There are 2 protein chains.
Amino acid sequence: MTGTLYGVGVGPGDPELMTVKAWRLISTADVIAYLCANGKDSTARDIAKPFIAEGTTEIAIDMPMRVEREPGEAAYDKGAVEIAASLDAGKDVIMLCEGDPFFYGSFMYIFERLAAKYETIVVPGVTSITAAAAAIGQPLVARNDVLKVLPATLPEDKLHFELAMSQAVAIIKVGRHFGKVKLILAELGLLSKSTAIENATHENQKITAVENIEGDALPYFTTIIVRQ
Amino acid sequence: MTGTLYGVGVGPGDPELMTVKAWRLISTADVIAYLCANGKDSTARDIAKPFIAEGTTEIAIDMPMRVEREPGEAAYDKGAVEIAASLDAGKDVIMLCEGDPFFYGSFMYIFERLAAKYETIVVPGVTSITAAAAAIGQPLVARNDVLKVLPATLPEDKLHFELAMSQAVAIIKVGRHFGKVKLILAELGLLSKSTAIENATHENQKITAVENIEGDALPYFTTIIVRQ
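Residues numbered from 1 in each chain as written. Chains lettered and ligands numbered in written order. Predicted model: local features only at pLDDT ≥ 70, side-chain atom pairs only at ≥ 80, totals over all residues. Heavy atoms only, no water.

Re the relation of the copies chain A and chain B
So, point 1. Overlay of chain A on chain B (RMSD 0.0 Å): rotation 180°, translation along the axis 0.0 Å. The symmetry that links the two subunits is that of a two-fold axis. Across chain A, the rotation axis passes nearest the C-alpha of T19 of chain A, at a separation of 1.9 Å.
So, point 2. Take the interface residues of chain A: 100% of them recur as interface residues in chain B, which is what a same-surface contact looks like. (Least-squares fit on C-alpha atoms with pLDDT ≥ 70 in both. Contact = heavy atoms within 4.5 Å.)

Structural notes on unusual backbone geometry
All names here are of chain A.
So, point 1. With a phi close to 55°, Y104 is a non-glycine residue in the positive phi region.
So, point 2. Looking at the secondary structure, you find Y104 in the loop between β4 (93-97) and α4 (107-114).
So, point 3. In this structure Y104 comes out as buried when scored by relative accessible area, which is 12%.
So, point 4. Positive phi outside glycine occurs at T201, with the angle close to 70°.
So, point 5. Within the element layout of this structure, T201 appears in the loop between β8 (194-198) and β9 (206-209). (Helix = DSSP H or I, 4+ residues; strand = E, 2+ residues; numbered from the N terminus. Buried < 20%, exposed > 50% of the residue type's maximum accessible area, 1.4 Å probe, protein only.)

A look at the packing of helix α6 (residues 156-164) of chain B against helix α7 (residues 178-187) of chain B
Residues and elements named next belong to chain B.
So, point 1. Closest axis-to-axis distance for the α6/α7 pair is 10 Å, and the angle between their directions is 40°. Between α6 and α7, the angle falls in the class oblique. Taken as a pair, α6 and α7 cross one another with a handedness that is right-handed. Residues E156, L159, H160 and L163 of α6 lie in contact with α7, whose contacting residues are K180, V181, L183, I184, L185 and E187.
So, point 2. Within the contact of α6 with α7, the residues separate by chemical class into six nonpolar, one polar and three charged. (Axes fitted to C-alpha atoms, helices over the stretch in contact; angles between N-to-C directions. Parallel < 35°, antiparallel > 145°, perpendicular 65-115°, else oblique. Left-handed = near helix turned anticlockwise from the far one by under 90°. Nonpolar A, V, L, I, M, F, W, Y, C, P; charged D, E, K, R; others polar.)

Details of the environment of M1 of chain B
All names here are of chain B.
So, point 1. With respect to the helices and strands, M1 occurs in the segment before β1 (5-9).
So, point 2. Taking the relative accessible area as the measure of exposure, M1 reaches 95% and is therefore exposed.
So, point 3. In sequence terms M1 and G90 are 89 residues apart; their C-alpha atoms lie 5.6 Å from each other.
So, point 4. Apart from the residues within four sequence positions on either side, M1 is in contact with L87 and G90.

Here we look at the interface of chain A and chain B
So, point 1. Listed per partner, the contact involves 49 residues of chain A and 49 residues of chain B.
So, point 2. Taking both sides of the interface into account, the surface hidden between chain A and chain B amounts to around 4,200 Å²; carbon and sulfur atoms contribute 64%.
So, point 3. Three residues, E16, F102 and R143 of chain A, lead the burial of chain A against chain B; their summed loss comes to 17% of the area buried on that side.
So, point 4. Inspection of the chain A/chain B interface yields four salt bridges.
So, point 5. Between R24 of chain A and E16 of chain B there is a salt bridge; the shortest N-O distance is 2.6 Å.
So, point 6. A per-element tally of the side of chain A that touches chain B places strand β6 (residues 147-151) of chain A first, with five residues.
So, point 7. The residue inventory of the side of chain A that touches chain B, partitioned by class, reads 29 nonpolar, eight polar and 12 charged.
So, point 8. Pairing of β6 of chain A with strand β6 (residues 147-151) of chain B, which is carried by three bridges, proceeds in the antiparallel orientation. Bridge assignment links K148 of chain A to a residue of β6 of chain B, and that residue is K148 of chain B. (Buried area = accessible area lost by both parts, 1.4 Å probe. Salt bridge = Lys/Arg side-chain N within 4 Å of Asp/Glu carboxyl O. Pairing = 2+ DSSP bridges.)

Some details on the domain arrangement of chain A
All names here are of chain A.
So, point 1. Taken domain by domain, chain A comprises domain 1 (5-123) and domain 2 (128-227).
So, point 2. Residue-level contacts link 12 residues of domain 1 with 15 residues of domain 2.
So, point 3. Counting the contacts that link domain 1 with domain 2 gives zero salt bridges.
So, point 4. Our count for the domain 1 to domain 2 interface comes out at three residue pairs in polar contact (both at pLDDT 80 or more).
So, point 5. By residue class, the composition of the side of domain 1 that touches domain 2 is six nonpolar, two polar and four charged. (Domains from an automatic or database assignment. Polar contact = N/O pair within 3.5 Å; in protein donor to acceptor, adjacent residues only side chain to side chain.)

Observations concerning the sheet that holds strand β1 (residues 5-9) of chain A
Residues and elements named next belong to chain A.
So, point 1. Strand order in the open sheet formed by five strands is β3-β2-β4-β1-β5, with parallel pairing between adjacent strands. Pairing within the sheet leaves two strands with one partner each, and these edge strands are β3 (57-63) and β5 (120-123). Sheet twist, expressed as the mean angle between neighbouring strand axes with direction ignored, is 25°.
So, point 2. Across seven bridges, the pairing between strand β2 (residues 31-37) and β3 is parallel. Within the sheet, the bridge partner assigned to A33 lies in β3 and is I59.
So, point 3. Most of the contacts of helix α3 (residues 73-88) go to β3, to which it runs at about 165°, and overall it touches β1, β2, β3 and β4.

Section: the confidence of the model for chain A
So, point 1. In this model, chain A carries an average pLDDT of 94, and 97% of its residues clear a pLDDT of 70 or more.
So, point 2. Predicted complex metrics record ipTM = 0.95 and pTM = 0.95. (pLDDT = per-residue confidence, 0-100.)

Printed below as a string of structure tokens:
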């Protein structure tokens, strides 16, 4: 009997925003897995930390050069091999994922490699976009609104087009693309309607009106909410 | 000292998909509030039920004629007055909301009436759209995908336009609009790419390829995921 692979959303940052199911699976896990940078930093593990029991086996998938989280195929290959070894030994593996595993999550890369061969269950989590809306005390969408989620990594013309044709927007993965995003928001007259939420629900959460932000970069985990 | 109003997301259906924070707030609440239909049925209360302590005061906001959940302004007015009375008496009120309070939630209507006067905190929850993606074992969005969330209640031409110009789509609040939605999906050649998830993560969850569904209506809590 091979084990089951669980992709478990740990939510946006505050450990209390993890689901009861994630808490149960993580606290009773034999083996957990997560991405990390530089051999140590792992946002997903940091969030789950209060719930990880002593003696849990940990598979840390190290992403060298984690600029903008480009795939790093070799690292995912290596991680998938390690996870598969545990599954083959009959152990379940709980992969920790920031937010929700199927919402722009890096779980994708492990899922692509292993889901065809092993039973795989995804446990949804709270995403950064509704956490950001809660943080600023402003409804994200209501009634008949259309919501659009736009990765800031999109090319400038595509981002401009999508933003021009929208009602409620959450721009995610802002990071070093902030300068480009701010320029487009200004062109469309949307600056005064845009709020940046850095690290929503984390201890270092920061909320700023976009029109008051200088510079071309914000933390990777920044969401900009635009209401037209 | 007046109390604090909490809008608390209870997630998509499975009580275990409630956050640890929602569980803590609900299980220790003096007063909870929720919408119900016909004087009894409340999806939000059903989800939270395992966590509601005996002796908790309950404010049930009855929505008569709950067709498509049109506002029912009088019912919200009455509910807001009841909630305000508890807040004025110095008690916190925990309002239970399906999914996430600020993601197409009916919490909106209470928020509009009370947030200016009382301290109001929103606790985000797992939404039906990522729960639906987890249920079908298919990533909702990844990498540079644009995600669009479309209420099925939109007029036909608007829905057609938005669907034609999209990559990844979640259509929510399907209910009695299913006939219209299916027609548009057929016109755009998207039928074979669409999956309906009724009551995601509830006990009565049902997953069906849209091309295999007859009739013009599905349950209100149906999400259709379209991948182009």
